[in-house]
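# Breakdown of the fold
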Amino acid sequence: MNYKISTLFCRIYLAILSFHIVYKAYVNSITTDEAYTYLEYVYTGDVFNIGVANNHILNTFSMFLTTFLGETEIFLRLPNVVAGLGYLLTILIISQNNQFKILTVVVLTSPIYLIEYFTLARGYGISSFLIFFGCFNFYVLKRYKYSFLISTTAFLLASLSIHIYIIFAGLFVLLNAKNEYFNNKRGFLVTILFSIFFGYYVTIWTFIISQPGRPLFGAESTTFFSLLENAFGFVELFQTENMISLIVVYILFLFPLFMYSSMPSEIKNLYLVTLFTLFFLFILPIIFDKPFPIQRLLIPLLPPFLLTFVLSFENQFNSYPKFVNYLSILFSIFLSLNLFLNLENKSTIDWGVGIDKELLTCEKEALTDMRVRMAEYYRLLNKKDLTTICK
């Protein structure tokens, strides 16, 4: 496809998704988990309470800052909206130097779960962007003196939002330690000290929130066959609408596996960090008798998997432009259709259709059932105008 047409398509496509993220964050009513985070940690100023897994500390702290601008849904969700726009901007930068521009843009934005959590005040969107940025900085950009330090910092910050991704940060440091030690000894030493400090505290926090009796999201049991069938839970994150879309999603995860032997060393390194992280995410729950990660817990690991596909595809087929380019466009059509069929502005995958804000504010029964946190949030938000709104 013509370079100008491809570039224009990519910009329009990303602009549409940017609008969707901002618009949905503005119009969609609050969800239970968002309201709980605001009421328990942000409104009370108890930001660093690590008692339960619901408190994604980096996200909560960011919410605490943005609520100085306002306390409506858009301000609670602003940190994740910014992360989402940063994610899309990074994709645009990657696509500029990629032969398969449309495929790059579509693949990296294809999981509906990922796009959705950029519109919600939870830690998954922030964590996903930070891991993606760290991978982009180290594996896509030309190496500079502080590449290793900057990427490690991004991964550590991601783990402050979703603690289990300290595994990704740790594996990244371990698998790159030897080379980085000889490249920049001072920078390597700073990175290691930084990693030990944050790694220690994040690990302690992870054990605290996973103590017996405390709620943890995840699957209590699974089988190896079901994991293979669902690509270790990643297929569900695309919410595939038909068999063709399902096959395309399987290809996303199988292609790098079959192309591993022909990958350049840097792409292999990224793939190994990602694969080993996935391995430990499912092995550690067996060792410590904890729930297995499912659905939104897997979202931050999507960007490195998808980036591995994009980079390995570009490496494998950069000398076969015409035929493969048409095939990549067909591939992109199925993925983009699947995404847009799932986009909703006033509902979420995990919490369903948004409840009317006035109903939550005024109906007293809402304070005694499952809607209680949402109702408390809207009543607090509208406390000065309750008599007018609920007349």
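What you see is a predicted model; the values in this text were computed from it and never measured.

For the rest of this paragraph, the subject is unusual backbone geometry. Residues other than glycine seldom take positive phi values, yet phenylalanine 232 does so here, at roughly 60°. On the secondary structure map, phenylalanine 232 appears in the loop between α11 (224–229) and α12 (243–258). Of note in the backbone geometry, glutamine 295 takes a positive phi value of approximately 45° without being a glycine. Residue position: glutamine 295 is located in the loop between α13 (265–288) and α14 (302–317).

Below, the discussion takes up a nonpolar patch on the surface. Together, Phe323, Leu327, Leu330, Ile333, Leu337 and Leu341 make up a nonpolar patch on the protein surface, roughly 620 Å² of accessible area in all. Position of leucine 327 relative to the elements: it lies in helix α15 (residues 321–342).

The subject of this paragraph is the nonpolar core. Judged by nonpolar contacts, the single largest core of 99 residues is most densely connected at Tyr87, Val107, Leu108, Phe234, Leu252 and Phe309. For this core, the element with the most residues is helix α7 (residues 123–140), which contributes 10 residues. With near-sequence residues (within four places) excluded, phenylalanine 234 lies in contact with Phe253, Leu278, Leu298, Leu301, Leu302 and Phe305. Counting 15 residues, the second-largest nonpolar core is a separate cluster that includes Tyr38, Leu76, Tyr377 and Leu380.

With that out of the way, let us pick up the pattern of salt bridges. Close approach of charged atoms allows side chains with opposite charge to pair. With the rule as written, the count across this model stands at 11 salt bridges. One salt bridge in this structure joins glutamate 34 and arginine 77, with 2.7 Å as the shortest N-O distance. Of the two residues, glutamate 34 is situated in helix α2 (residues 32–42) and arginine 77 in helix α4 (residues 73–96); the sequence distance between them amounts to 43 residues. The exposure class assigned to glutamate 34 is buried, which follows from its relative accessible area of 0%. Put simply, glutamate 266 and arginine 143 hold a salt bridge, and the shortest N to O gap is 3.5 Å. On the criterion of sequence distance, the pair formed by glutamate 266 in helix α13 and arginine 143 in the loop between α7 and α8 (147–161) is long-range, its members being 123 residues apart. In this structure, a network of salt bridges that share partners links the residues Asp33, Arg296 and Asp350.

The next thing to look at is the side chain of serine 128. Within the secondary structure, serine 128 is located in helix α7. Take serine 128: its relative accessible area is 0%, and that puts it in the buried class. Within the structure, the side chain of serine 128 is placed 2.7 Å from the backbone oxygen of tyrosine 124, a separation counted as a polar contact. Those residues in contact with serine 128 that lie beyond four places of it in its chain are Leu114, Phe118, Ile299, Pro300 and Pro303.

Orientation of helix α3 (residues 57–66) relative to α8, taken along the N-to-C sense of each, is 85°, at an axis distance of 5 Å. With respect to α8, the axis of α3 lies roughly perpendicular. Mapping the contact onto sequence places Ile57, Leu58 and Asn59 in α3 and Leu157, Leu160 and Ser161 in α8. By residue class, the composition of the contact of α3 with α8 is four nonpolar, two polar and no charged.

Evaluation of the coordinates by the stated rule reveals 48 aromatic pairs. Their ring planes at 50° and their centres at 4.5 Å tell us that tyrosine 87 and phenylalanine 132 sit as a pair that is tilted. Of this pair, tyrosine 87 sits in helix α4 while phenylalanine 132 sits in helix α7, and the two are 45 residues apart along the sequence. Both residues of the pair, tyrosine 87 and phenylalanine 132, count as buried. An aromatic cluster is defined as three or more aromatic residues linked by ring pairs; in this entry it consists of Phe138, Tyr139, Phe148, Phe155, Phe168, Phe172, Tyr181, Phe182 and Phe188. A cation over an aromatic ring shows up here: lysine 268 above the ring of tyrosine 260, its NZ or CZ 5.2 Å from the ring centre. Stacked on the ring of phenylalanine 217, the Lys or Arg arginine 296 has its end atom at 3.9 Å from the ring centre.

With that settled, consider the state of the cysteines. A covalent bond between the sulfur atoms of two cysteines is referred to as a disulfide. Under the counting rule described, the total for this entry stands at one disulfide. Covalently, cysteine 362 is tied to cysteine 390 through a disulfide, its sulfur atoms 2.0 Å apart. The disulfide joining cysteine 362 to cysteine 390 has a torsion of about -85° about its S-S bond and is therefore left-handed. One end of the pair, cysteine 362, is in helix α16 (residues 357–362); the other, cysteine 390, is in the segment after α18 (386–389), and 28 residues separate them in sequence. Here cysteine 362 falls in the partly exposed class, since its relative accessible area comes to 24%.

Procedures and definitions
Residues numbered from 1 in each chain as written. Predicted model: local features only at pLDDT ≥ 70, side-chain atom pairs only at ≥ 80, totals over all residues. Heavy atoms only, no water. Helix = DSSP H or I, 4+ residues; strand = E, 2+ residues; numbered from the N terminus. Patch = residues over 30% accessible without salt bridge, like charges linked within 9 Å, V, L, I, M, F, W, Y side chains within 5 Å. Areas by Shrake-Rupley, 256 points an atom, 1.4 Å probe, with all protein chains shown as cover. Salt bridge = Lys/Arg side-chain N within 4 Å of Asp/Glu carboxyl O. Core = buried A, V, L, I, M, F, W, Y, C linked by side-chain atoms within 4.5 Å. Buried < 20%, exposed > 50% of the residue type's maximum accessible area, 1.4 Å probe, protein only. Contact = heavy atoms within 4.5 Å. Polar contact = N/O pair within 3.5 Å; in protein donor to acceptor, adjacent residues only side chain to side chain. Axes fitted to C-alpha atoms, helices over the stretch in contact; angles between N-to-C directions. Parallel < 35°, antiparallel > 145°, perpendicular 65-115°, else oblique. Nonpolar A, V, L, I, M, F, W, Y, C, P; charged D, E, K, R; others polar. Phe/Tyr/Trp six-rings, centres within 6.5 Å; stacked < 30°, edge-to-face > 60°. Lys NZ or Arg CZ within 6 Å of the ring centre and 35° of its normal. Disulfide = S-S within 2.5 Å.

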